[in-house]
Amino acid sequence: MDRYRKQRARMIETQLMARGITDAGVLKAMENVPRHLFVDEGLIDQAYSDNPLPIGEKQTISQPYIVALMTQGLELNRKDRVLEIGTGSGYQAAILAQLVDRVFSIERIAALASRARKIFDQLNYYNVAIRVGDGSYGWKEEAPFDAIITTAAAPGVPKYLIEQLVVGGRLIVPVGGRDVQTLYKWTRLSENINDIKKEDLGGCRFVSLIGESGWKE
Ligand code: SAM
């Protein structure tokens, strides 16, 4: 077992299973994906630590537990089409790519999108499409989606994202102020976009969503 494999095994046991992550697919995905390739070289020794890390451009790769919690909350099936807002390092998209056939991810900072693309190519993850732009609007040409995950904090639920969910689709978004938020899961119950179930998954701290449904820079 290589060094990073051992670190991943420990991360899964002490950070994820110990806090109630039970979805076998999510645990397997997090065991498989080499998180250390998604962090800056200078931080490689901290890649499996229990916290977010800076990835440049004033952005972060999320804490492993939060990645697992959000992914588990999406209740994914292999054939699901999934949209992520906030590609960042690409790590969350890589986890999703283990679990479903098609992943779409939007990042507003071109340099981050292109770095993530390079890592996916290096790892032969060919089922992730990345677009540069404001993910507040979703990805209309590829909609509807079975699941949508926003990895940046919004002041309210972005309405375009609810519109791009199938009936029965799940949307997970951190909502609140610029410093602290609550992680919410919405499930679309019918064609009427106001007919949605809302669940509270707990407190969190994310960087801000910048754009139409977020804040100004
Ligand atoms: N999922 C990422 C990962 O696995 O590394 C972590 C994402 S980081 C916490 C949030 C990301 O959202 C940043 O890269 C930021 O540039 C991006 N972002 C913020 N507002 C956005 C928007 N309107 N559209 C797309 N990306 C956005």
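The structure presented is a predicted model; accordingly, all values stated were derived computationally and were not measured.

K.L.:
Can you tell me about the site of the ligand, naming the residues and giving the values?
P.N.:
Among the 26 residues in the neighbourhood of the ligand, the closest are listed as Ser89, Glu107, Asp134, Gly135 and Ile210. One of the backbone N or O atoms of Gln92 is found 2.9 Å from an oxygen atom in the ligand. Within the contact set of the ligand, an oxygen atom lies 2.6 Å away from a side-chain nitrogen or oxygen of Glu107. Of all elements in the fold, only strand S2 (59-61), strand S3 (81-85), helix H4 (91-99) and strand S4 (102-107) reach the threshold of two or more residues within the shell around the ligand. Element by element, the count of residues in the shell around the ligand is highest for S2, at three residues.

K.L.:
An account of the nonpolar core is needed here, citing residue identities and associated values.
P.N.:
Met30 and Tyr91 are the most contacted members of the largest nonpolar core, which totals 50 residues. Secondary structure elements with two or more residues in this core: helix H1 (3-16), helix H2 (24-32), strand S1 (53-56), helix H3 (64-73), H4, helix H5 (110-122) and strand S6 (145-150). Considering each element in turn, this core owes the most residues, seven residues, to H4. Excluding residues within four positions of it along the chain, Tyr91 makes contact with Met11, Met30, Val33, Arg35, Phe38, Ile61 and Val67. In terms of nonpolar packing, the next biggest core, distinct from the first, is built from 18 residues, Leu83, Ile106, Ala152 and Ile162 among them.

K.L.:
Tell me about the sheet that holds strand S5 (residues 128-132), and name the residues and values.
P.N.:
Across a sheet, strands are paired by hydrogen bonds formed along the backbone, either parallel or antiparallel in direction. Taking strand neighbours across the sheet as the criterion, the seven strands line up as S5-S4-S3-S6-S7-S8-S9 in an open arrangement whose pairing is mixed. Where the open sheet ends on each side, the last strands, each with one partner, are S5 and strand S9 (196-204). Between one strand axis and the next, the sheet turns through 15° on average, direction left out of account. One ladder, built from five bridges, connects S3 with S4; its direction is parallel. Across the sheet, Val82 pairs through a bridge with Val103, a residue of S4. Lying on the sheet, H5 is in contact with S4 and S5; it crosses S5 at an angle near 165°.

K.L.:
Any chance you could break down the pattern of salt bridges for me, citing the residues and the numbers?
P.N.:
Going through the model one piece at a time under the given rule, you end up with 13 salt bridges. Linking Glu31 and Lys28 is a salt bridge whose minimum nitrogen-to-oxygen distance equals 3.8 Å. Here Glu31 and its partner Lys28 are both found in helix H2, three residues apart, which amounts to about one turn of the helix. Take Glu31: its relative accessible area is 32%, and that puts it in the partly exposed class. A salt bridge links Asp101 to Arg78; the nearest nitrogen and oxygen atoms lie 3.7 Å apart. In this pair, Asp101 sits in the loop between H4 and S4 while Arg78 sits in the loop between H3 and S3, placing the two residues 23 residues apart along the sequence. The exposure class of Asp101 is partly exposed, given its relative accessible area of 30%. Among the charged side chains, a network of salt bridges with common partners joins Arg78, Lys79 and Asp101.

K.L.:
How would you summarise H5 if you had to cite specific residues and measurements?
P.N.:
For H5, which comprises 13 residues, the first-to-last C-alpha distance of 19 Å matches the rise-based estimate of 18 Å (1.5 Å per residue) to within 8%. Within the sequence span of H5, burial applies to Leu112, Ala113, Ala116, Ile119 and Phe120. Within H5, the buried residues cover an arc of 125° as seen down the axis, which keeps them to one side. Turned more than 90 degrees away from the buried face of H5 sit Lys118 and Gln122, all of them exposed. Tucked into the core, H5 has its buried residues touching S1, S2, H4, S4 and S5.

Cut-offs applied
- Residues numbered from 1 in each chain as written.
- Predicted model: local features only at pLDDT ≥ 70, side-chain atom pairs only at ≥ 80, totals over all residues.
- Heavy atoms only, no water.
- Near = heavy atom within 4 Å.
- Polar contact = N/O pair within 3.5 Å; in protein donor to acceptor, adjacent residues only side chain to side chain.
- Helix = DSSP H or I, 4+ residues; strand = E, 2+ residues; numbered from the N terminus.
- Core = buried A, V, L, I, M, F, W, Y, C linked by side-chain atoms within 4.5 Å.
- Buried < 20%, exposed > 50% of the residue type's maximum accessible area, 1.4 Å probe, protein only.
- Contact = heavy atoms within 4.5 Å.
- Pairing = 2+ DSSP bridges.
- Axes fitted to C-alpha atoms, helices over the stretch in contact; angles between N-to-C directions.
- Salt bridge = Lys/Arg side-chain N within 4 Å of Asp/Glu carboxyl O.
- Expected span 1.5 Å × (residues − 1).
- Arc of directions from axis to C-beta.

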